[in-house]
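Residues per chain, in single letters:
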Amino acid sequence: MTPNPLFAPFLDHLAQAGLHVESVAVHGLAPTQVLTLPAEEWGRLGQEAKGWGCRWAAGWGEDMGAEMDPQGGKTIRIHACFEKGGAYLLARTTIPRTHPILPSHTPSYPAADRPERHTQDLFGVAFTDHPDARRWTRHQAWKSSEYPLRRDFPAAGHPPAATSADYQYKFLAAQGGGVYEIPVGPVHAGIIEPGHFRFQAVGETVLHLEEHLGYTHKGIEKIAEGRDAQGLARLAGRVSGDSTVAHAWAACMAMERAAELTPPPRATWLRALMCERERVANHLGDIGAIANDVGFAFSFYQFGRLRESWQRASFDAFGHRFMMDRIVPGGVAVDLEPQFMAPLREEVTALRKQVNKLMAMVYDSPSLTNRLLGAGVLAPEQAAALGCMGYVGRASSLDFDVRRNAPYPPYDQLQVKGVLHHTGDVNARMRVRHEEIIASLDLIEALLAGLPGGPVGSEWQAPIAGSEGLGIVEGWRGEIISYARFGDDGRIARFFPRDPSWTTWPALEVLIHDNIVPDFPVCNKSVNGSYSGQDL
Amino acid sequence: MLRILGKIQRVGIVTEPLPAADEPALTEIGEQLKAKIGELFGGSLAIREVDAGSCNGCELEIQALNNPWYGIEHYGVHFVASPRHADMLLVTGPVSRHMEEALRRTLAATPEPRLVIAVGACGADGGEFGESYASRGAVANVIPVDAVIRGCPPTPLDLMRGILEAIRVR
Ligand code: SF4
């Protein structure tokens, strides 16, 4: 496989800058450009990539045991994935397990902050110039001297009989006259996921918000190890339940690329159909909930109604309200029966009309828009610095969508309408959702119209040990990057799913600044990060 | 405003009737639920939902109970913000070790008599996640559980049926 030509000038530039980079061809990772470099140059790579205008997209580690070193020394391999103009670059380096230290990318990229701390907590890697060495994912379930993603750490671990609450995390504390602190969570007031928010406020105004997440960490990366391909697809479909289709697709794409297996066209079209249905369902729910958080119950019930009938139609056509476990290695688990074609088409026409009508009313309600306009502003520069994506990025001028910028089948044959807003406020994030619903409905029509015939799956054949693949898809929250590497007997050796929420949670801390405390729920809902997707 | 009223008028009440397959079941379960809640809880059952580590799929279906199709408030079920107001905890899992103390404290803050229902395949037995260095698995591994509602995730109707059964045997 030839390296990605889009990165050739960058590789030349790195060489001229004196970095010892080596371009490597890895079949399952194509079209991503892969390069390796010495650990001491890792921080410089971050600076150069930043200067070149790359986005820092994902980072993860892997305990390679003695596989990488002919002398039998144990190593940890660190990955960082960059994107520019729709082309991806995967950089990697190895460090000895006896001396696992590495320069950090965080000084160049704030987006690398939490992912590096996750790697620190789970692999015991120290990022030397990381500005914040506090733990992130680890609370009290394992000791600071234990690293769950190292090979010698058993999946069962050595946990205490009862794990205590995480009481010693050092939050930033503000001082001064009238400053007070509001701790919220982990158990929240609504029917939502757990996490902790620590506000520093003066009067009603938020001076500072700090998130403490990791409460739903359930060891997804560890328990992925040793699974077969089908088992990994099931697990990936539960990284974040609301994105079950997109995560299962990304994981299957990674495994299929590793196995050099191409799913039949009908399977990829059905995957896209389900993925667009998932996007519509979540956006419907979110628009209703955003309105509800500022007391506009009308919209909450109307959109709740639309979402429910949409999910019921998913159940009828695909056998599950969220279409869980419908994407499997090699294709899809269920075919779409001909009798559902007409109802699915009619449903699109009806929904488009209803949504546009309801949104006209929403835009026409000054008491509602007054609360949404100018609330929770994320400036385009802030969004870019954090590497935001999906509706959060697209509400703040970041025009990136994997379906358009790095299209994969079937989107390479479809017209995906771009949606972009610039004000970066709650209103813009709601508008992006509205317009994305309409764009998805157009896509669903095109998918139904052009749905190819033929089989819906190729027989899965496990690849040889060491095969690896990357799956990159546009979920409803944005770009999902999934990495899979196989070990012996077709079993997974490493799985890492990067949910978009890794980038949007930090954005919430930024955009809430100077807003009033009572607007936190609606600001939070407009971002709607997945706790489970980032806690893993 | 006029348009909103117009829309409310045109859409009408969508709670009933439901599509054929669910209609008898939902009406029947709803009515029984209402009767039992009337008899045992003075017409109002207060539920505190606790996500103790789920993938959030179960939460979506519990939230759906409040949409106009199910309108579970019609039958006297209310989701409350504080465990101190709750008659029942609906707990989704698997219980992550990072949430287990929070779950225990939530239970301690819930006045007796109370009911605890473990929700979902994960709440029932750990589901796809099982037990590990990070997960305690079933809710019953951490706090006493009175009833279990299986499914991945259980549908809103499964949830209503499960809540009804749990208060019936109480
Ligand atoms: S039962 Fe299913 S939907 Fe519920 S938390 Fe577990 S995996 Fe998610």
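One can find the structure itself at the top, above this paragraph.
Remember, it's a predicted structure, so these values are computed and weren't measured experimentally. (Residues numbered from 1 in each chain as written. Chains lettered and ligands numbered in written order. Predicted model: local features only at pLDDT ≥ 70, side-chain atom pairs only at ≥ 80, totals over all residues. Heavy atoms only, no water.)

(A) Representation of the overall build of chain B in the model. The helix and strand inventory of chain B stands at six helices and seven strands. Helices (α) and strands (β) of chain B occur, in sequence order from the N terminus, as α-α-β-α-β-β-β-α-β-α-β-β-α. The C-alpha radius of gyration computed for chain B amounts to 17 Å, which stays within 12% of the reference 15 Å derived for 170 residues, consistent with globular compactness. Across its three principal directions, the C-alpha atoms of chain B cover 55 × 35 × 30 Å. Looking at chain B residue by residue over its 170 residues, the buried ones come to 59%. The average position of the 16 basic charges and that of the 21 acidic charges among the side chains of chain B differ by 5 Å. (Helix = DSSP H or I, 4+ residues; strand = E, 2+ residues; numbered from the N terminus. Rg over C-alpha atoms; globule rule 2.2 N^0.38 Å. Buried < 20%, exposed > 50% of the residue type's maximum accessible area, 1.4 Å probe, protein only. Lys, Arg positive; Asp, Glu negative; His and termini not counted. Charge placed at Lys NZ, Arg CZ, Asp CG, Glu CD.)

(B) Representation of the overall build of chain A. Scanning chain A from N- to C-terminus turns up 17 helices and 15 strands. Since a compact globule built from 536 residues should have a radius of gyration of about 24 Å, the 23 Å found for chain A is in line with a globular shape. Considering only C-alpha atoms, chain A reaches an extent of 70 × 70 × 55 Å along its principal axes. For chain A, buried positions account for 63% of its 536 residues. Just so you have it, chain A exposes about 18,200 Å², and 54% of that area is on carbon and sulfur atoms. Side-chain charges in chain A split into 51 positive and 61 negative, and the spacing between the mean points of these groups amounts to 3 Å. (Areas by Shrake-Rupley, 256 points an atom, 1.4 Å probe, with all protein chains shown as cover.)

(C) Representation of the sheet that holds strand 5 (residues 87-96) of chain A. All names here are of chain A. With mixed pairing, five strands are arranged side by side in an open sheet as 1-2-5-4-3. What marks the edges here is a single partner per strand, and that holds for strand 1 (22-24) and strand 3 (55-65). Averaged over all pairs of adjacent strands, the angle between their axes in this sheet comes to 25°, without regard to strand direction. Of the pairings in the sheet, the one linking strand 3 to strand 4 (residues 75-84) comprises nine bridges and is antiparallel in character. Paired with Gly59 across the bridge in strand 4 is Ala80. (Pairing = 2+ DSSP bridges. Axes fitted to C-alpha atoms, helices over the stretch in contact; angles between N-to-C directions.)

(D) Representation of the pairing of strand 10 (residues 205-212) of chain A in the model. Strand direction decides the pairing type here: strand 9 (residues 196-202) of chain A and strand 10 of chain A, joined by seven bridges, are antiparallel. Counted as the bridge partner of Phe199(A) is Leu209(A) from strand 10 of chain A.

(E) Summary view of the interface of chain B and chain A. Facing the 54 residues of chain B at the interface are 68 residues of chain A. Interface area lost by chain B to chain A is led by His98(B), Glu128(B) and Tyr133(B), which between them contribute 20%. Here Glu61(B) ties to Arg321(A) by a salt bridge, and the two come within 2.5 Å at their closest N and O atoms. Our count for the contact surface shared by chain B and chain A stands at 25 residue pairs in polar contact (both at pLDDT 80 or more). Looking at the side of chain B that touches chain A, the elements with two or more residues in it are helix 1 (2-11), strand 1 (45-51), helix 3 (57-64), helix 4 (100-108) and strand 6 (135-137) of chain B. Among the elements that make up the side of chain B that touches chain A, the one with the highest residue count is helix 3 of chain B (seven residues). Across the side of chain B that touches chain A, the residue classes break down as 26 nonpolar, 13 polar and 15 charged. (Contact = heavy atoms within 4.5 Å. Buried area = accessible area lost by both parts, 1.4 Å probe. Salt bridge = Lys/Arg side-chain N within 4 Å of Asp/Glu carboxyl O. Polar contact = N/O pair within 3.5 Å; in protein donor to acceptor, adjacent residues only side chain to side chain. Nonpolar A, V, L, I, M, F, W, Y, C, P; charged D, E, K, R; others polar.)

(F) Highlighting the layout of surface pockets. All names here are of chain A. Put simply, the second largest pocket is a space of about 420 Å³. If you go around the second largest pocket, you meet 25 residues; those closest to its centre are Asp113, Arg114, Arg117, Asp132 and Glu509. Among the secondary structure elements, those contributing two or more residues to the lining of the second largest pocket are helix 3 (113-123), strand 10 and helix 15 (501-511). For the lining of the second largest pocket, the leading source of residues is strand 10, giving five residues. Within the lining of the second largest pocket, the residues separate by chemical class into 14 nonpolar, three polar and eight charged. (1 Å grid on protein atoms, 1.4 Å probe; cavity = no way out; pocket = protein on both sides within 12 Å on 5 of 7 lines; lining within 4 Å. Points joined across faces, edges and corners; volume = space filled by probe spheres on them.)

(G) Layout of the pattern of salt bridges. Scanning the model with the defined rule gives 49 salt bridges over all chains in all. When the shortest N-O distance is used, the salt bridge between Glu100(B) and Arg104(B) registers 3.1 Å. With Glu100(B) and Arg104(B) both in helix 4, this residue pair falls four residues apart, about one helical turn. We note a salt bridge from Arg104(B) to Glu101(B), for which the minimum N-O separation is 3.2 Å. One end of the pair, Arg104(B), and the other, Glu101(B), are both in helix 4, three residues apart, so they sit about a helical turn from each other. With a relative accessible area of 24%, Arg104(B) lands in the partly exposed category. The buried category is assigned to Glu101(B), whose relative accessible area is 19%. Connected through salt bridges with shared partners, the residues Glu62(A), Glu67(A), Arg77(A), Arg92(A), Arg151(A), Glu468(A) and Arg485(A) form a single ionic network.

(H) The arrangement of the pairing of strand 15 (residues 492-498) of chain A in detail. Residue and element names in this part refer to chain A. Of all seven residues in strand 15, six are buried; the element is thus mostly enclosed. The pairing of strand 14 (residues 478-486) with strand 15 spans six bridges and is antiparallel. Bridged to Ser482 within strand 15 is Pro497.

(I) The arrangement of the packing of helix 14 (residues 426-450) of chain A against helix 16 (residues 520-527) of chain A in detail. All names here are of chain A. Across the interface, helix 14 lies against helix 16 with an axial gap of 9 Å and an inter-helix angle of 35°. Seen along the crossing, helix 14 lies across helix 16 with a hand that is left-handed. Residues Val426, Arg429 and Arg433 of helix 14 pack against Val522, Cys523, Lys525, Ser526 and Val527 of helix 16. (Left-handed = near helix turned anticlockwise from the far one by under 90°.)

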